[in-house]
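# Fold and geometry: a report
Single-letter residue listing:
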Amino acid sequence: MSPTHYLGRGCLASSTLIFAILAGCKQPAPPAPPPPDVDVVAVVQKDEPIQAEWIGTLDGFVNAEIRAQVPGYLLKQAYTEGAVVKKGDLLFQIDSRPFQAAYDQVKANFDKAGLDFKREAELIKKEAISQEDYDNAVQAQLGDKAALEQAQLNLEFTRITSPIDGIAGIATAQIGDLVGPGTGVLTTVSTVDPIKVYFPISEEAYLDFKKPRPGQPDFPTGIALELVLTDGSVYPLKGKIYATDRQIDPGTGTLRIAGVFPNPDNLLRPGQYAQVRAVVRVEQGALMVPQRAVNELQGAYQVATVDGENHAHLRTVKVGDRDGSLWIIEDGLKPGDQVIAEGIQKVREGMLVNPHPFAAAQ
């Protein structure tokens, strides 16, 4: 054979050997990733109290606006602003000298008229005067008596007193100011124990409350109120509904409700804002899951469950009311279902997962 023939056979053998070596050096396929870790919690069924929440404004049970009834210069402020006052306590003193002088003059006229009347009474018995003169004397005495009572009342009005027990506000007038019936409110005294809270409820909620509700709290007598203050603390004493307004507000479609709370330490003050909470009904046999287990997408709600073989399944559910960190599921789940509460973003339909108990549930 020619050298060329042997050379061709040698090249073929070399090529085969190279391909065999390259095939032996091919990298193995990477192993499949482990199933993702997820936290699961069992669907719980229980009777769940449903709370409603509203924004409320506190106000005094009674708010008495203190005004001057007679004109005069303010001589004295007799109370401490922001302090508790009792009914009849002196708040302000108006200069009483002009009114004392007017009273003394009217009193003198009244006393003289009384003496004149006695003489007229004796004369009428003796028929020394006409009946008309006697009647005029009677009317004059009645007029003098009315004038005396008015003068005495004006004198008493120079002492401006509190008409109620409560907390007196900051004064709007100063010593030396000329005050009178037209000068406005001098201060306000508010009864704060108990104290009112006003809050609006929707017309729909009101109509729902008025429907027959067997086994549910009666409206309004059975509704216990709770206050959450602006710092997040819960007021320790419970309140109740005191009154409902006579009409629905046509501008807002809401009904104004007045609640009342005991306030023995005067912690609550008029003008405060607070969140009003109340249990309005009890959902019988409610199915509860953590809110974080529910995924919302374009108005639809979805949860992921894990079956006995650790496969994930996506389910569309119908949600109901929320209570704290839990959500009521009205349709789509059954008691005992294992729901993914942490890691729902990792799973796809039918995916194998590695479930762990949800720490928050424990």
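Note that the coordinates shown come from a computational prediction; the quantities given were computed from them, not determined experimentally. (Residues numbered from 1 in each chain as written. Predicted model: local features only at pLDDT ≥ 70, side-chain atom pairs only at ≥ 80, totals over all residues. Heavy atoms only, no water.)

A word on the overall build of the protein. Counting secondary structure elements, the protein contains four helices and 19 strands. Within the protein, buried positions represent 32% of all 362 residues. Sequence separation of 24 or more characterises 76% of the internal contacts of the protein that already satisfy a separation of 6 or more. Here the protein has roughly 22,000 Å² of accessible surface; of this, 54% comes from carbon and sulfur atoms. (Helix = DSSP H or I, 4+ residues; strand = E, 2+ residues; numbered from the N terminus. Buried < 20%, exposed > 50% of the residue type's maximum accessible area, 1.4 Å probe, protein only. Contact = heavy atoms within 4.5 Å. Areas by Shrake-Rupley, 256 points an atom, 1.4 Å probe, with all protein chains shown as cover.)

A separate point is the nonpolar core. Formed by 25 residues in total, the largest nonpolar core has its most connected members in Trp54, Ile201, Leu225, Leu227, Phe261 and Leu268. Breaking this core down by element, the ones donating at least two residues are β2 (44-67), β9 (185-202), β10 (224-228), β12 (254-261) and β13 (273-290). No other element matches β9, which puts five residues into this core. Look past the residues within four positions of Ile201 in its chain and what remains in contact with it is Trp54, Tyr206, Phe209, Phe219, Gly253, Thr254, Leu255 and Ile257. By size, the runner-up hydrophobic cluster in this structure holds 24 residues, among which are Ala64, Ala68, Leu74 and Leu91. (Core = buried A, V, L, I, M, F, W, Y, C linked by side-chain atoms within 4.5 Å.)

A cis amide bond links Asp193 to the next residue, Pro194, at an omega of 5°. One can find Pro194 in strand β9. Residues Phe219 and Pro220 are joined by a peptide bond in cis, for which omega reads 5°. Its place among the elements puts Pro220 in the loop between α4 (203-210) and β10. Despite not being glycine, Asn266 has its phi angle at roughly 60°, a positive value. Relative to the helices and strands, Asn266 is located in the loop between β12 and β13.

The topology assignment puts Gln93 in strand β5 (residues 90-94). Exposure remark for Gln93: the relative accessible area of 16% places this residue in the buried category. The residues contacting Gln93, other than those within four sequence positions of it, are Tyr73, Leu74, Leu75, Lys76, Thr158 and Arg159.

As a further point, take the pattern of salt bridges. Oppositely charged side chains may form a pair once their charged atoms are brought near each other. Throughout the structure, instances matching the rule amount to twelve salt bridges. Put simply, Asp111 and Lys107 hold a salt bridge, and the shortest N to O gap is 3.1 Å. Here Asp111 pairs with Lys107, and both are found in helix α2 (residues 97-125), just four residues apart, close to one helical turn. Accessibility expressed as a relative area gives 36% for Asp111, which makes it partly exposed. The closest approach of N and O atoms between Glu226 and Lys238, which form a salt bridge, is 2.9 Å. Within this pair, whereas Glu226 is found in strand β10, its partner Lys238 is found in the loop between β10 and β11 (239-249), the two being separated by twelve residues in sequence. (Salt bridge = Lys/Arg side-chain N within 4 Å of Asp/Glu carboxyl O.)

Read from one edge to the other, the open sheet built from four strands follows the order β6-β5-β3-β8, with strand pairing classed as antiparallel. Bordering the open sheet on either side are β6 (159-161) and β8 (178-179), each of which pairs with just one other strand. (Pairing = 2+ DSSP bridges.)

On the surface, a cluster of nonpolar side chains totalling about 330 Å² of accessible area is made up of Tyr73, Leu75 and Leu178. Its location among the elements puts Tyr73 in strand β3 (residues 72-77). (Patch = residues over 30% accessible without salt bridge, like charges linked within 9 Å, V, L, I, M, F, W, Y side chains within 5 Å.)

The next subject is the pairing of strand β1 (residues 37-42). Relative to strand β19 (residues 354-357), β1 runs parallel, the two being bridged by four bridges. In the strand pairing of β19, Val40 is matched with Pro357. Relative to strand β18 (residues 338-342), β1 runs antiparallel, the two being bridged by four bridges. The residue bridging Val41 from the neighbouring strand is Val339, located in β18.

With respect to the helices, strands and loops of the structure, Arg277 is situated in strand β13. In terms of polar contacts, Arg277 uses its side chain to reach the side chain of Glu226, at 2.7 Å. When residues no more than four places from it in sequence are discounted, the contact partners of Arg277 are Gln51, Ala52, Glu53, Ala224, Leu225, Glu226, Val228 and Val234. (Polar contact = N/O pair within 3.5 Å; in protein donor to acceptor, adjacent residues only side chain to side chain.)

In this section: the confidence of the model for the protein. In the predicted model, the protein carries a mean pLDDT of 87, and 89% of its residues have values of at least 70. Within the protein, β5 carries the highest mean pLDDT (98), whereas helix α1 (residues 3-24) carries the lowest (49). (pLDDT = per-residue confidence, 0-100.)

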